[in-house]
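If you want the building blocks of each chain, they are given just below.
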Amino acid sequence: MSTDESQPTDSATASASARPADTPRSLAEALRSRADDALAGLLHARPDLLNPVPTDLTQLATRAGTRASVVRALERLDRFAQQVAQTLAVAPEPTTYDEVLALLAGDDGDPAVAKALPGALGTLHEQALVWGPDDRLRLVRTARELLAPGPQHPSPTGLGPTVAEATAGMSPTRIQEIVAAAGLPTTHDPVSAVESLTALFTDRARMSALLDQAPAESVEVLSRLVWGPPYGQVTADPARHLRWLLDRGLLLPTAPGTVVLPREAALHLRAGRAHRAPEPTPPPVVAARDHRPQVVDATAAGQAYTALATVEELLKEWDEGGPAVLRAGGLSVRDLKRTAVALDLPEPLAAFWVELAYAAGLIASDGEADERYAATPAYDEWQELPAPERWAALATAWLSATRTAGLIGGRDGKDRTLSALGPHLDRSAAPEVRRRVLALLAGLPEGAEPDADSLLARLRWERPSPAAQDLRSRIAGWTLNEAELLGVTGRGALSTHGRALLGVDDTEAPGGDVPARAAAASRHLAPLLPQPLDHVLLQADLTAVAPGPLERPLAEALAVLADVESKGGATVYRFTPGSVRRALDAGQSASDLHAFLAAHSRTPVPQPLAYLIDDVARRHGHLRIGAASAYVRCDDEALLNEILADKRSQGLRLRRLAPTVLAAQADPGALLEGLRSMGFAPAAESAEGDVLITRAHAHRTPPRSAPEPVPEGPPVPDDTLIAAAVRAIRAGDLASTAPRKEVHETPSGSLPRTTSAETLATMQAAVMTGEAVWIGYVNAEGAASQRVIAPVRVEGGFVTAYDHTADEVRTFALHRITGVAELADDE
């Protein structure tokens, strides 16, 4: 592939005498003159150039000029850098810094543009989209093709083609007529005529004098075209005011019935500006309202506690096995609704918490034949952590997750519904947008709540690509809501522990790695969370009030003994016969329950509650249910007579086998539930006659790792990889550009060709003299390459040499060396 970035153009060759000797002729030469840290900056900004590592700088320049790579680089520029690139695309080739400044700032000048232009041009230079010194700036050819005006792809500047481009297919006679109508002397050839007309349109005084003669209707037509689109329609017999413009070249035909305003004329009408509104500075993010930082932190901490409670409740709901996995993956709409009802939340919020638990690795599919979602072993480890660390784990997972809960319920490109925990929810831009939104919040004063419109305007300036704007704006809106739900923000403002999570304004872990930032956030959050309590307040109406979060053993025991009636700042538990029986089924005795309540209540145990426990315990286990298919055993014959006489027992189909035994055709579970619904308190027993203790069975998946975020494009390489790549590219470039002696009958630019005897003799001579040589080599995969090596030893059909291309000592098979040549002597 031949590009202007790797080979000089004819025009560049023609003007070589006017160019200083040190001016690069191509992008490859410009890259060759860069320092290593500048090359490293290019590879860091455009990581797609590293896959695979280029063999030399010419290949790097060629790859940097490919369409896909240039499009990616342009899309990641901010608005002003894009405007500068668009200006370079409509400027002469090559152009100067002053010309670019004039096109951006206009005739009147703009101090803000003049101040911002060096930085924007520096960005374009760093990313190899522009090369050359300030007096000969060139936009890479692919970028110019993408951004230059054309009928099929109008320029973002709204400018049209130049006079020379628009008159390329026009007859010489017509060009001379236009020149004469414009008041210019006719010329002997079309080229000089076009140059004369261009000079008129670019001369401010002469152009103003020409427009002063124009009819008012003609000026009105120009005003409608000046800012674009520059194309218009005319009839075969145009009106007088249109004819005036056509005769003087202010409108030039491009196709039958279509005319265009030439670029030079448009720039005069625009007072020299390529863009209607240059945006050299990013729009500021303004505060909508201010809150006291202490209020923000307290609100955020309250939300963080609620987030932990919600995730724990969700996992408790799925503890014995959650909903089934759809065939296509994810939760069904019915299961999501059921989960939302259990959490007492709207479905979108329930979907967010489900996705957050999944991103943190706390839930996953169990992988069994009847595949269901369930808690992972990591959930048990997470539960044992202190509350601040549990919150930091959730917040860190949210910050880096590419799965986007806000998409749930929408449609994908194939009109399929996007379900919670299902595929197609990954959006690689999500982590970057979340971090950027929080970073903008961190830039406001503490306690400041941002104005959402100004924040979105700032994000659009930083990434103005139309394809990315809509998704990024939606993710930004979701980020603000999710950060509030999670407790990263409070009342819309970034909290202290939220700042620590980002690594800003933190003296303990400023900009540190993820574990360090998570630990710092935990330390900031810990004093703000309520301490777990070891007591409740028992009340005479068979309720218990927990005035705050309970210690885990107390909360788990109370959840078995009582039912949660209401939640909030204080949790209300209600004791019922069913809940007491549940505790007895779990192996507790009445005395155990009395002792437990007495030990954990700040108020005396109410008499009604004590009576309730004793009454349920007295009747609990009096009846015994076993497997016959099922039987009822009781020492009290009168009680069995009562059961048989009760009409509600007819569905169980009971019959007496002995004075103290009834048999049933129902299974033990159905018999147990049937008798309980009749008001009895039976207990199940084993085959040995012992009472069965029933406890909830916690279902866990096999060990599962949290889902990996989907990167946006190639992953950003680390400094070690970039340094190694720069060394390899430099070494390969040295090998490809090293001066060498001409080899007999070897075409220039191809691999050297020598006989085996000549190759061996040259290698042995190089070992004796210690000089480097140039070789052609074909590896085991058949890939040919050229290298510069310094032979150290030749024996056994192999050459051991220092490979300058790879910057290491290697062994080469002699039969794979296509030829060898000596390097040219230094002049």
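The shown structure was predicted, so the numbers you read here are calculated from the model rather than taken from an experiment.

What counts as what
- Every chain is numbered on its own, with residues counted from 1 as its sequence reads.
- With the structure being a predicted model, the display of local features is reserved for residues of pLDDT at least 70 and the display and counting of side-chain atom pairs for 80 or more, all residues being used for whole-chain, interface and lining totals.
- Side-chain numbers here rest on the full set of heavy atoms in the structure, without hydrogens or water.
- What counts as a ring pair is set by centres within 6.5 Å for rings of Phe, Tyr and Trp (its six-membered ring), and what kind of pair is set by the plane angle: stacked under 30 degrees, edge-to-face over 60, tilted for all other angles.
- Secondary structure elements are taken from DSSP: a helix is a run of H or I of four residues or more, a strand is a run of E of two residues or more, and numbering for both begins at the N terminus.
- Every angle, taken between N-to-C directions, lies between 0 and 180 degrees, and every axis is a line fitted to C-alpha atoms, over only the stretch in contact when it is a helix.
- In what follows, roughly perpendicular refers to angles from 65 to 115 degrees, roughly parallel to angles under 35, roughly antiparallel to angles over 145, and oblique to any angle outside these ranges.
- A contact between two residues is defined here by any heavy atoms of the two lying within 4.5 Å.
- When residues are grouped by polarity, Ala, Val, Leu, Ile, Met, Phe, Trp, Tyr, Cys and Pro land in nonpolar, Asp, Glu, Lys and Arg in charged, and all others, Gly among them, in polar.
- The pLDDT score gives, residue by residue, the confidence of the prediction method on a 0 to 100 scale.
- The method works on a 1 Å grid over the protein atoms by themselves. A cavity is a set of points holding a 1.4 Å probe that cannot get out, a pocket is an open set with protein on both sides within 12 Å along at least five of seven lines, and residues with an atom within 4 Å of a point line them.
- Grid points are joined across faces, edges and corners, and a volume is the space filled by probe spheres set on the points.

1. Observations concerning the packing of aromatic side chains
Enumeration over the complete set of coordinates arrives at four aromatic pairs. Ring geometry for W318 versus Y373: centroids 6.3 Å apart, planes at 25 degrees, classification stacked. Of the two residues, W318 is situated in the loop between α17 (293-317) and α18 (333-343) and Y373 in strand β8 (residues 373-375); the sequence distance between them amounts to 55 residues.

2. A few points about the packing of helix α27 (residues 552-561) against helix α28 (residues 577-585)
Relative orientation of the contacting elements α27 and α28 amounts to 120 degrees, with a least axis distance of 7 Å. Relative to α28, the element α27 is oriented oblique. Within the contact between the two elements, α27 uses A559, V560 and L561 and α28 uses S579, V580, R582 and A583. Grouping the constituent residues of the contact of α27 with α28 by class yields five nonpolar, one polar and one charged.

3. Notes on the confidence of the model for the protein chain
Chain-level statistics for the protein chain give a pLDDT mean of 85 and a share of 91% at 70 or above. Scored below 50 in pLDDT, residues 506-511 makes 11 contacts in the model with residues more than four places away or belonging to other chains. A low-confidence stretch, residues 743-749 stays under pLDDT 50, and its non-local contacts, those more than four residues away or across chains, total eight contacts.

4. Re empty space enclosed by the protein
Summed over all chains, the structure comprises four cavities of 30 Å³ or more. One number sums up the size of the largest cavity: a volume of about 90 Å³. Lining the largest cavity we find F352, E355, L356, A359, A397, W398, A401, R403, T404, A405, R434 and E482. Taken together, the elements giving at least two residues each to the lining of the largest cavity come down to α19 (347-359) and α21 (387-400). With four residues, the top contributor of residues to the lining of the largest cavity is α19. Here the lining of the largest cavity is composed, by residue class, of seven nonpolar, one polar and four charged.

5. Comments concerning the environment of T173
Position of T173 relative to the elements: it lies in helix α11 (residues 172-181). Distance in space between the C-alpha atoms of T173 and V130 is 39 Å, their sequence separation being 43 residues.

6. Examining the layout of surface pockets
Size it by volume and the second largest pocket reaches roughly 920 Å³. In this structure, the second largest pocket is lined by 28 residues; those nearest its centre are R76, E432, R463, E712 and V716. Elements supplying a minimum of two residues to the lining of the second largest pocket: α3 (36-45), α5 (67-75) and α22 (430-442). It is α22 that contributes the most residues to the lining of the second largest pocket, three residues altogether. Residue classes in the lining of the second largest pocket are distributed as 12 nonpolar, six polar and 10 charged.

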